[in-house]
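Listed here are the chains, written in short residue letters.
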Amino acid sequence: MIVETPDRALEICGVSRRFGPTAAVSDVSLSIGKGEIICLVGHSGCGKSTLLRLIAGVEIPDTGRISLNGRDVSGPAAFIEPEARNIGFVFQDYALFPHLTVRQNIRFGLKRRSKAEAMERTSDVIDRIGISHLADRFPHTLSGGEQQRVALARALAPQPDILLMDEPFSNLDQALRDRVRDDTLSLLKMLGTTVIMVTHDPQEALSSGDRVVLMKEGKIVQAGSGYDLHDRPATAYAAEFFCDFNKVPGVYDAGIIKTAIGHFAYPMIVENGSSAVLYVRPQAISISLDQGDLPGRIEARNFHGEFEQFLVRIGDLERPLRIRTTKRLPKDAQRVLISIADDQVLAFS
Amino acid sequence: MTSHIAAIGWRKKRSGLRWLVCAGIVATFVGLPLAGLFLQAIQGSPGLWAHLISTILPAHLVDTLILLCGVGVVTTVVGTTTAWLVTAYAFPGRRILEWALLLPLAVPTYIVAYAYLDILHPIGSVQGAIRWWLGYSSPRQFRLPDVRSMTGCILLLGFVLYPYVYIPTRAMFVTQSANLIDAARTLGISRHGIFWNVALPLARPAVAVGVSLALMETLNDVGAAEFLGVRTLTVSIYTTWITRSDLPGASQIALLLLLIVVGLVALERWARRRQRYSADARRHRSLKPHCITGIKGMILFMLGFTPILIGFAAPALYLVTEALKRVRFAGLSPRLQHEAVNTISLAAIATLVTILLGVVIAYTNRLRPGAVSSWSYRLATMGYAAPGTVVAIGVLIVLASVDRFIDRTALEWFGLSTGLLIMGSGAALIYAYAMRFLAISAGGIDAGLSRISLSLDHASRTLGQSPAGTFRHVHLPLSKAAITAAGLLVFVDCVKELPATLLLRPLNVETFATHLYGEAARGTYEEASIAALAILLIGMAPVILLSRIGRETR
């Protein structure tokens, strides 16, 4: 039994939704505090967007219960229509009404207020988001970044209890995306809005939310801060989602994982003698011409600007190790030494 | 388990339910006449079936099938060759042909038959000109084969119905990427071989759709067949009811006709089984036509112009001259003005009803997708395939029993007889029009709605609008053009409709179409040319619309 507390903006309890034979969301429970910014992340088809739509009420759960601000909105007792939930939704394609101007779009959600109040609120939001120069234009004349801001303004205008955003930055090009994201998130933080944002981009998830919720096949894999998910992933799936690890097979024996690239102390709950896979981040391996534990041979190198990636063949290891470093090695370097710190590795059975 | 039951319980509370119920009612409304027809047909005495099999079936069924085959062949040949002609070749006048080839669509089958009966009359203008040219003086010395024959009927219907094949086939040729054609040519197929080896096989699904529509139109026809003396099943339904007042008999023939329609639909599905050709829109590059100028180009133009001449230009020219003669002679009679009011008001009311019902089923399908709404949609749009006579007989059966019920109840409670309340008011005709043309309205509206992103619906709902409010503030303004176009098509089809109008119009109410039918059936050529010209002019509106759409997609 979940006790309703006033500081809970959203409570999801055992929610499932099937589409034919596939379970889009299965038995998901999550609770979100007021003012929190949550990132739902996962590969496409993991159910993150469906979960968002279930919260919005445009999709109906098969089982389970959803409550917003302590009020049941989806559940055995009641179903509140999306228009009565007081939520804001920013869509991936922005979903601006093409037949309405920016101002009319923003005023669309204010029909329950008096005319004067709606006008005032519209102008207020337009000023706040900084789009007063766009107010009388039609959506198709706006750039992607401008459309995104209008969509945000429209969703925020009715002062929703919770703002849902479905891949809100994915339609912007890379250079613009970072800036728009920073602006948007700092604004939302300042307003104290509760936000659930869906993204498929691991970097965006780690940098945007107070809390990151990783989903896979309709289930929550792990939820926690960005640091938790990145540094202490609970499963191999979570680890691989956020980082492109080197994976080295090994054997676990009395607190030690023995691999072809060395022995590492690692506490694990598996039987002695069973196999384990060592996960090493490419940037956690140091590479040098003269200092290190293991000899290797450079097979390929690829300069990315901010770092350089080396493929280094170690002994009889099946695959070369990927190593990323900001260090410069001579062009003709062949033989190198590498070393890996004990506390930099992860292992999963 | 209990939670599952509970889940079903609260799902039903959704507001879209009202729409779903309405869609179900619309579907019932379309299904009822068909059910009534079926019941009436099986209730008929067994002796009737024997009579049917021994007298009607052999002659009428065989004639119907011959007509279908003939029209199928003519429309396929004319439709595909003209489509290929204006797609693959560039010659002087091609741009004009592209849209002018649609013009015969404006000519209803009964009007083309009406016009040619006079044009090709032994003492008419064409045969007279031929005789003059050949030096004969009397029709006894030389006359063309009588147009009142199966061959005449097949040719005339074929030359007005080929646009049904031309439109989808040409769309298919245009949208198929030129890369396919180029690939075929690099694989050693000649320019002429392309048509047979690549273009035609690719266009087969489109041809199948087009031919099946043309054949449904053929089955629907009652005027042309009767004027030209071809005894089709459609004509025999009409005569069975009108001359013998034999409703069970008419229902039985109608049921047989429906069976043929079902067969046609099945044949069409079969012809395009496993065929889902899709052109990649992003890399689309349309076929570059082969340039032909000079005499050869002129010949191509004449070739493309022939179907227009036969299917549109000649009958239209004839109607214009005859109508002008008549107006000069007698002016516009009050009778014609009455008919204009009747025709327009019946069509306008029917259009309004049809569009409203179309909105209900198309929007329900979007709002609450699922088995119930999709079956409602399918059932409600079934009427397009049913010939007008079949629809009319079905509506007649349903409404006659409703009328009887009202009459009896009124007699019991108030002691007065209401008589044929619904049948007499023209409501039956509106019912039949709506049932028959609902597919056009729903299909058009559905196409318009499907261009609107679903996220707009969700945006509107999360911003506080109900489903109905979302329709009013988002869908309606965004699909205005599609709804208007659908309304125009329905309106024009109502004006052109003959078979159901003949059977269901209230006493003493004449429309342009029934007036024309009456004069042609009596063989008196008086004011009908004016009525026919009016129908033709109204019928050109969707052709203009279609040609504009065709140009936009390019």
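With that out of the way, let us pick up the overall build of chain A. Helices and strands together make up the secondary structure of chain A, namely 8 helices and 20 strands. With 349 residues in all, chain A has 39% of them scored as buried. Considering only intrachain contacts with a sequence separation of at least 6, the fraction spanning at least 24 residues in chain A is 63%.

Moving on: the overall build of chain B. Secondary structure assignment for chain B yields 25 helices and 2 strands. Relative to a compact globule of 554 residues, whose C-alpha radius of gyration would be 24 Å, chain B shows 25 Å and is just as compact. By its C-alpha atoms, chain B is 85 × 65 × 50 Å across when sized along the principal axes.

Bringing the packing of helix α2 (residues 17–43) of chain B against helix α16 (residues 371–380) of chain B into the picture now. For any two helices packed against each other, one specifies the inter-axial angle together with the distance between the axes. All names here are of chain B. Packing of α2 against α16 leaves a shortest axis separation of 8 Å and a crossing angle of 30 degrees. Judged on the interaxial angle alone, α16 and α2 are roughly parallel. Considering how the two elements wind past one another, α2 and α16 form a crossing that is left-handed. For the pair formed by α2 and α16, the contact residues are Leu20, Ala23, Gly24, Val26, Ala27, Val30 and Gly31 on the first element and Val372, Ser373, Ser376, Leu379 and Ala380 on the second.

Our focus in this paragraph is the pairing of strand β13 (residues 262–265) of chain A. Residues and elements named next belong to chain A. Pairing geometry for strand β12 (residues 256–259) and β13, over 4 bridges, is antiparallel. Counterpart to Ile256 in the pairing with β13 is Ala265. Between β12 and β13, which pair antiparallel and follow one another directly, the connecting turn spans 2 residues.

It is worth spelling out the domain arrangement of chain B at this point. Residues and elements named next belong to chain B. Looking at the assigned domains, one finds that chain B contains domain 1 (1–36 + 332–522) and domain 2 (68–273 + 286–318). Facing 17 residues of domain 1, the contacting portion of domain 2 comprises 23 residues. Among the elements of the structure, α17 (388–414), α23 (499–504) and α24 (512–522) are those that each provide at least two residues to the side of domain 1 that touches domain 2. Per-element accounting of the side of domain 1 that touches domain 2 gives the leading share, 5 residues, to α17.

What follows is about the sheet that holds strand β8 (residues 195–199) of chain A. Residue and element names in this part refer to chain A. Strand order in the open sheet formed by 6 strands is β6-β7-β8-β3-β9-β10, and the pairing between neighbours is mixed. Here the strands that pair on one side only, and so sit at the sheet edges, are β6 (87–90) and β10 (219–224). Here the average twist between neighbouring strands, direction ignored, is 20 degrees. Set on the sheet, helix α4 (residues 144–156) makes contact with β6 and β7 (162–166); between it and β6 the angle comes to about 170 degrees.

What follows covers unusual backbone geometry. All names here are of chain A. Here the phi dihedral of Asn69 falls at roughly 50 degrees; this positive angle occurs in a residue that is not glycine. Structurally, Asn69 is set in the loop between β4 (63–68) and β5 (71–74). The exposure class assigned to Asn69 is partly exposed, which follows from the 18 C-beta atoms found within 10 Å. Its identity is not glycine, yet Glu167 carries a phi of approximately 45 degrees, on the positive side.

Residue and element names in this part refer to chain A. Across the sheet, which stays open at both edges, the 4 strands sit in the order β2-β1-β4-β5 with antiparallel pairing between neighbours. One side of each edge strand has no neighbouring strand; the edge strands of this open sheet are β2 (22–33) and β5. Strand-to-strand, the axes of this sheet are offset by a mean angle of 25 degrees, without reference to chain direction. Most of the contacts of helix α1 (residues 48–56) go to β2, to which it runs at about 60 degrees, and overall it touches β1 (8–19), β2, β4 and β5.

In this assembly, 25 residues from chain A lie in contact with 22 residues from chain B. It is β6 of chain A that contributes the most residues to the side of chain A that touches chain B, 3 residues altogether.

Moving on to the pairing of β4 of chain A. Residue and element names in this part refer to chain A. Extensive coverage of β4 is indicated by the burial of 5 of its 6 residues. When β1 meets β4, the two strands line up antiparallel, connected through 5 bridges. Counted as the bridge partner of Cys13 is Arg65 from β4. Note: β4 against β5, 3 bridges, orientation antiparallel. Paired with Ile66 across the two strands is Ser74, which belongs to β5. Two successive antiparallel strands, β4 and β5, enclose a turn made up of 2 residues, where Asn69 displays a positive phi of approximately 50 degrees.

Moving on, we come to the packing of helix α20 (residues 454–462) of chain B against helix α21 (residues 467–478) of chain B. All names here are of chain B. Two elements in contact, α20 and α21, have axes whose closest approach is 10 Å; the angle formed by their N-to-C orientations is 130 degrees. Comparing their axes, α21 and α20 come out oblique. As α20 packs across α21, the resulting crossing turns out to be right-handed. Across from Leu456, Asp457, Ser460 and Arg461 in α20, the residues of α21 making contact are Thr470, His473 and Val474. Split by residue class, the contact of α20 with α21 holds 2 nonpolar, 3 polar and 2 charged.

Attention now moves to helix α8 (residues 163–175) of chain B. All names here are of chain B. When the terminal C-alpha atoms of α8 are compared, their 18 Å separation across 13 residues agrees well with the 18 Å that a helix rising 1.5 Å per residue should span. The element α8 is largely enclosed, with a buried count of 10 among its 13 residues. Regarding α8, the residues found buried are Pro163, Tyr164, Val165, Tyr166, Ile167, Pro168, Thr169, Arg170, Met172 and Phe173.

Rules of the game
- Residues numbered from 1 in each chain as written.
- Chains lettered and ligands numbered in written order.
- Predicted model: local features only at pLDDT ≥ 70, side-chain atom pairs only at ≥ 80, totals over all residues.
- Helix = DSSP H or I, 4+ residues; strand = E, 2+ residues; numbered from the N terminus.
- Buried ≥ 20, exposed ≤ 12 C-beta atoms within 10 Å, placed from the backbone.
- Contact = placed C-beta atoms within 7 Å.
- Rg over C-alpha atoms; globule rule 2.2 N^0.38 Å.
- Axes fitted to C-alpha atoms, helices over the stretch in contact; angles between N-to-C directions.
- Parallel < 35°, antiparallel > 145°, perpendicular 65-115°, else oblique.
- Left-handed = near helix turned anticlockwise from the far one by under 90°.
- Pairing = 2+ DSSP bridges.
- Domains from an automatic or database assignment.
- Nonpolar A, V, L, I, M, F, W, Y, C, P; charged D, E, K, R; others polar.
- Expected span 1.5 Å × (residues − 1).

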